[in-house]
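Spelled out from the first residue to the last, the chains are:
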Amino acid sequence: MNRTYELMFIVRPDMAEEDQDKLISALESAVTTSGGQMKNVERMGKRRLAYTVRKFHDGIYILLTVDGSGGLIHELERRLRVTEPVIKFLTVRIDEEQKRLDKIKAIRDARRKVSAAPAPAEASGEAPAVPA
Amino acid sequence: MADETRPTATPRAETSSGSDRPSGGDRPERSERPDRGGRSFRPGGPGGGRGEGGPGGRKYFRRKKVCKFCVEKVEAINYKDIRLLAGFVAESGKIVPRRLTGVCTPHQRRLSSAIKQARNIALLPFAGRAS
């Protein structure tokens with residue numbers, strides 16, 4: 001049962017670029033060995049933390065999008081926990097939310113098509129109307 | 001911006017209620033509640049929606065608050081979108097209640113969980129200003 005997750009984690013600001021690459025590729029190999037798939041890697045760069053974490057005021061944010069099972073996520077979180085430069089992480093499941101958004105989008109598109117075909121005037125009425 | 005908190009025409013509205021003045025519906029006055037943090041949370045949605053209405057009723061009527069997410073059809077409330085979330089967090093770091101922002105219940109629910117996730121990953125503060 002594969003699900004889509006977003007793994008966001010913060011590494012300490014003085015971590016070298018190569019070390020980040022090493023960490024990411026290590027995580028990626030862990031994903032692929034357990035039958036998952038790394039869909040996207042996004043480095044969000046260095047930014048200020050909203051509060052102090054382990055005496056750091058800044059951190060480098062990295063976002064991974066992962067397809068995989070719950071067991072895989074468990075393993076990834078365990079790895080992040082034991083990796084010393086990682087100061088914080090958060091995993092969020094996103095497939096259900098994505099499904100919901102797609103559904104809403106489909107409904108809206110269908111409605112737009114219906115309202116656009118018979119009367120184009122109705123399409124403008126659908127937008128936030130001016131007060132009467 | 002559109003801060004029309006001038007209490008003009010309110011004393012006269014009571015005395016000359018019998019005259020043929022058009023009821024003061026065309027200039028919506030803001031309610032007197034203090035805005036948290038000086039920010040205006042209300043989107044410029046359609047006005048109107050008086051509770052009591054009519055001259056000689058209450059002095060201040062509230063503009064009907066509308067849910068920003070319903071009006072702008074924003075469905076995705078994501079913890080990464082700090083700029084959006086920061087508009088619903090008070091200066092102290094607290095989540096601003098629905099009765100002040102006008103957000104509808106389903107959206108407030110998503111909003112609050114997104115804010116809590118953002119706090120967890122140090123994008124938003126738990127308390128106080130983002131240092």
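Residues numbered from 1 in each chain as written. Chains lettered and ligands numbered in written order. Predicted model: local features only at pLDDT ≥ 70, side-chain atom pairs only at ≥ 80, totals over all residues.

Visitor: What is the right way to read the overall build of chain A from this model?
Guide: Looking only at helices and strands, one finds four helices and four strands in chain A. Here chain A, with 132 residues, has 17% of them falling under the buried criterion. Counting contacts in chain A only where the partners sit at least 6 residues apart, residues at least 24 apart contribute 73% of the total. (Helix = DSSP H or I, 4+ residues; strand = E, 2+ residues; numbered from the N terminus. Buried ≥ 20, exposed ≤ 12 C-beta atoms within 10 Å, placed from the backbone. Contact = placed C-beta atoms within 7 Å.)

Visitor: How should the confidence of the model for chain A be read in this particular structure?
Guide: Fine structural detail should not be taken from predicted coordinates in areas where pLDDT scores are low. Residue and element names in this part refer to chain A. Per-residue confidence for chain A averages 84 on the pLDDT scale, and 89% of its residues sit at or above 70. No element of chain A has a lower mean pLDDT than helix α4 (residues 120–126), which averages 49, and none a higher one than strand β4 (residues 86–93), which averages 92. Below a pLDDT of 50 lies the segment residues 122–127, which in the model reaches five contacts outside its immediate sequence neighbourhood of four places, other chains included. (pLDDT = per-residue confidence, 0-100.)

Visitor: Teacher, can you tell me more about the environment of Thr33 of chain A here?
Guide: Mapped onto the fold, Thr33 of chain A is located in helix α1 (residues 17–33). Along the backbone, Thr33 of chain A and Leu72 of chain A are 39 residues apart, and their C-alpha atoms lie at a distance of 9.5 Å.

Visitor: I would appreciate a short explanation of the environment of Thr65 of chain A in the present structure.
Guide: Residue and element names in this part refer to chain A. Relative to the elements of secondary structure, Thr65 occurs in strand β3 (residues 56–68). For Thr65, a count of 16 C-beta atoms within 10 Å corresponds to the partly exposed category. Excluding its chain neighbours within four sequence positions, the residues that come into contact with Thr65 are Thr4, Glu6, Lys39 and Asn40.

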